[in-house]
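Listed here are the chains, written in short residue letters.
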Amino acid sequence: AVVSTHTRKIMDILDKIKPQKEHINTILAETKIVQKEINNLNGKIERSFIETDELIFRDAKNNDQCRKAYKLLANLQSEFNALVRALDEIGTINRELRDIEDLLQREREKKTEELVRKVGKDLSAVRKDNEKMVAAIKAAKASKRS
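Quick caveat: nothing in here was measured; it's all calculated off a predicted structure.

A.B. asks: Sorry if this is basic, but what is going on with a negative patch on the surface here?
C.D. replies: A contiguous patch of negative charge on the surface is contributed by Glu-96, Asp-99, Glu-101 and Asp-102. Among the structural elements, Asp-99 can be located in helix α2 (residues 64-145).

Shown next, in the form of structure tokens:
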């Protein structure tokens, strides 16, 4: 009965770990997809600014309105780059926050890990006791036969 209780506890812990691992793998896959989309969008935006810059710059040599448009485009690009940097910083802060939350969770789980180790040691002790009992029973049967 003690062995089955310890075994059940260990199996319960292992059953809890499997969905967590699957969830982590799902999140990692989604993160890779989002990062790829972000990189693609950043590339498209950068190419759009370069192309627009070239078109307006050509006409800015001879046209005051184009010169104003060129200055506005440069300002827009500068503001956009500042916005992207701010978003990157927010992302970094959010990642750091998640890391801290994960660290806190790991600290909480240490107690669980310690309990699992203790259960494992108890299981080993029970198995050794069972082996001793089996050996004692075999010895007792052998001495009765003689």
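A.B. asks: What should I look at first to understand the packing of aromatic side chains in this one?
C.D. replies: Each pair of aromatic rings is reported with the distance of its centres and the angle of its planes. With the rule as written, the count across this model stands at two aromatic pairs. Seen in terms of ring centroids, Phe-49 and Phe-80 are 5.8 Å apart; in terms of plane orientation they differ by 50 degrees. Their pairing is tilted. Residue Phe-49 is found in helix α1 (residues 2-60), and its partner Phe-80 is found in helix α2; the two are separated by 31 residues along the sequence. The exposure class assigned to Phe-80 is partly exposed, which follows from its relative accessible area of 25%. Their ring planes at 55 degrees and their centres at 5.4 Å tell us that Phe-57 and Tyr-70 sit as a pair that is tilted. Residue Phe-57 is found in helix α1, and its partner Tyr-70 is found in helix α2; the two are separated by 13 residues along the sequence.

A.B. asks: Would you mind going over the side chain of Gln-77 with me for this structure?
C.D. replies: Within the secondary structure, Gln-77 sits in helix α2. With sequence-adjacent residues up to four places away left out, Gln-77 is seen in contact with Glu-46 and Phe-49.

A.B. asks: What am I meant to see in the layout of surface pockets here?
C.D. replies: Left-over empty space is what a probe sized like a water molecule reveals as it rolls over the atoms. Considering only enclosed or pocket space, the largest pocket measures out at about 870 Å³ in volume. Lining the largest pocket are 26 residues, and of these Thr-31, Gln-35, Gly-91, Arg-95 and Arg-98 lie nearest its centre. Among the secondary structure elements, those contributing two or more residues to the lining of the largest pocket are α1 and α2. Sort the elements by how many residues they give to the lining of the largest pocket and α2 lands first, with 14 residues. When grouped by side-chain class, the residues that make up the lining of the largest pocket number 12 nonpolar, six polar and eight charged. Around the second largest pocket, the lining residues are Ile-13, Lys-16, Ile-17, Gln-20, Glu-109, Thr-112, Glu-113 and Val-116. At the level of elements, α1 and α2 are the ones that each hand at least two residues to the lining of the second largest pocket. Tallied by class, the residues present in the lining of the second largest pocket amount to three nonpolar, two polar and three charged.

What counts as what
Residues numbered from 1 in each chain as written. Predicted model: local features only at pLDDT ≥ 70, side-chain atom pairs only at ≥ 80, totals over all residues. Heavy atoms only, no water. Patch = residues over 30% accessible without salt bridge, like charges linked within 9 Å, V, L, I, M, F, W, Y side chains within 5 Å. Areas by Shrake-Rupley, 256 points an atom, 1.4 Å probe, with all protein chains shown as cover. Salt bridge = Lys/Arg side-chain N within 4 Å of Asp/Glu carboxyl O. Lys, Arg positive; Asp, Glu negative; His and termini not counted. Charge placed at Lys NZ, Arg CZ, Asp CG, Glu CD. Helix = DSSP H or I, 4+ residues; strand = E, 2+ residues; numbered from the N terminus. Phe/Tyr/Trp six-rings, centres within 6.5 Å; stacked < 30°, edge-to-face > 60°. Buried < 20%, exposed > 50% of the residue type's maximum accessible area, 1.4 Å probe, protein only. Contact = heavy atoms within 4.5 Å. 1 Å grid on protein atoms, 1.4 Å probe; cavity = no way out; pocket = protein on both sides within 12 Å on 5 of 7 lines; lining within 4 Å. Points joined across faces, edges and corners; volume = space filled by probe spheres on them. Nonpolar A, V, L, I, M, F, W, Y, C, P; charged D, E, K, R; others polar.

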